[in-house]
Amino acid sequence: MEALAANISLTAGAARRISKVLEKQPGKTALRISVEGGGCSGFSYRFDLVDGRNADDIAVTRDGATVLIDAVSLPFMDGSEIDFVDDLMGQAFKINNPNATSSCGCGTSFAV
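(A) Structural detail: the sheet that holds strand 1 (residues 9-10). Strand order in the open sheet formed by 3 strands is 1-6-7, and the pairing between neighbours is mixed. Of all the strands in the sheet, just strand 1 and strand 7 (90-96) have a single pairing partner and so form its edges. Across 7 bridges, strand 6 (residues 81-87) lies against strand 7 in antiparallel orientation. Each residue of the ladder has a partner; that of Glu81, found in strand 7, is Asn96. In the packing of helix 1 (residues 12-23) onto the sheet, the strands contacted are strand 1, strand 6 and strand 7, and the crossing angle to strand 6 comes to about 75 degrees.

(B) Molecular detail of the pattern of salt bridges. Applying the stated criterion across every chain yields a total of 4 salt bridges. The salt bridge partner of Arg46 is Glu36, with a shortest N-O separation of 3.6 Å. Of the two residues, Arg46 sits in strand 3 (residues 43-50) while Glu36 sits in strand 2 (residues 30-37), which places them 10 residues apart along the sequence. When its relative accessible area of 40% is taken as the criterion, Arg46 is described as partly exposed. Two residues, Asp48 and Arg46, come together in a salt bridge whose shortest N-O distance is 2.7 Å. Asp48 gets classed as partly exposed once you look at its relative accessible area, which sits at 23%.

(C) Quick peek at the packing of aromatic side chains. Throughout the structure, instances matching the rule amount to 3 aromatic pairs. Here the aromatic rings of Phe47 and Phe93 are separated by 6.0 Å at their centres, their planes lie at 25 degrees, and the arrangement is stacked. In this pair, Phe47 sits in strand 3 while Phe93 sits in strand 7, placing the two residues 46 residues apart along the sequence. What makes Phe47 partly exposed here is its relative accessible area of 28%.

(D) Spotlight on the environment of Asp78. Structurally, Asp78 can be placed in the loop between helix 2 (74-77) and strand 6. Assessed through its relative accessible area of 33%, Asp78 is described here as partly exposed. Counting along the chain gives 21 residues from Asp78 to Asn99, while the straight-line C-alpha distance between them is 7.5 Å. Setting aside residues up to four positions removed in sequence, Asp78 forms contacts with Asn7, Ile8, Asn97, Pro98 and Asn99.

(E) How the structure looks around the side chain of Thr11. Along the polypeptide, Thr11 turns up in the loop between strand 1 and helix 1. At 3.1 Å, the side chain of Thr11 forms a polar contact with the backbone nitrogen of Ala14. Setting aside residues up to four positions removed in sequence, Thr11 forms contacts with Arg62, Glu81, Ile82, Asp83 and Phe84.

The rules behind each value
Residue numbers run consecutively from 1 along every chain, following the written order of its sequence. At least 70 in pLDDT is required for a residue's local features to be given in this predicted model, at least 80 for side-chain atom pairs to be given and counted, and no such filter applies to totals for whole chains, interfaces and linings, which use all residues. Side-chain metrics rest on all non-hydrogen atoms present in the structure, leaving aside hydrogens and water. When DSSP finds two or more bridges between two strands, those strands count as paired. Helix and strand assignments follow DSSP, with helices taken as H or I runs no shorter than four residues and strands as E runs no shorter than two, numbered in order from the N terminus. In what follows, residue pairs with any heavy atoms lying within 4.5 Å of each other are defined as contacts. To obtain each axis, a line is fitted to C-alpha atoms, and for helices this fit is confined to the stretch in contact; angles are then taken between N-to-C directions over 0 to 180 degrees. For this document, the term salt bridge refers to a Lys or Arg side-chain nitrogen within 4 Å of an Asp or Glu carboxyl oxygen. Per-residue accessibility, obtained with a 1.4 Å probe over protein chains only, is compared with the maximum for each type, and a residue is labelled buried under 20%, exposed over 50%, and partly exposed between these values. A pair of aromatic rings is counted whenever rings of Phe, Tyr or Trp (Trp by its six-membered ring) have centres within 6.5 Å, and the orientation is called stacked for planes under 30 degrees apart, edge-to-face for over 60 and tilted otherwise. What qualifies as a polar contact is a pair of N or O atoms within 3.5 Å, subject to a donor-acceptor requirement within protein and to the restriction that residues adjacent in sequence count only when both atoms come from side chains.

Taken by themselves, the reported measurements are silent on function.
In structure tokens, the structure reads:
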């Protein structure tokens, strides 16, 4: 399964933001991204700070920052780029997912 992690990338901006957030959260070591049913378009991303890795997690790392993705969520995110945007609409992690056939304006909901 580790080979699949190469299909998910983390931008430098996202890595910087993850590191910055984790600095302020003692005991937390990674950002977990999972895909759940629900949301405006059928699926939604969930973001959590965690203190450990589960046996089925895939780790995506860059510049010392780690994102964990569970095996169930991985197929929905295959080929995705995890980014962090800071624009007039606000600051947020953004998943550029080639599998999404549509997405919602909120940026965290999508359909496949």
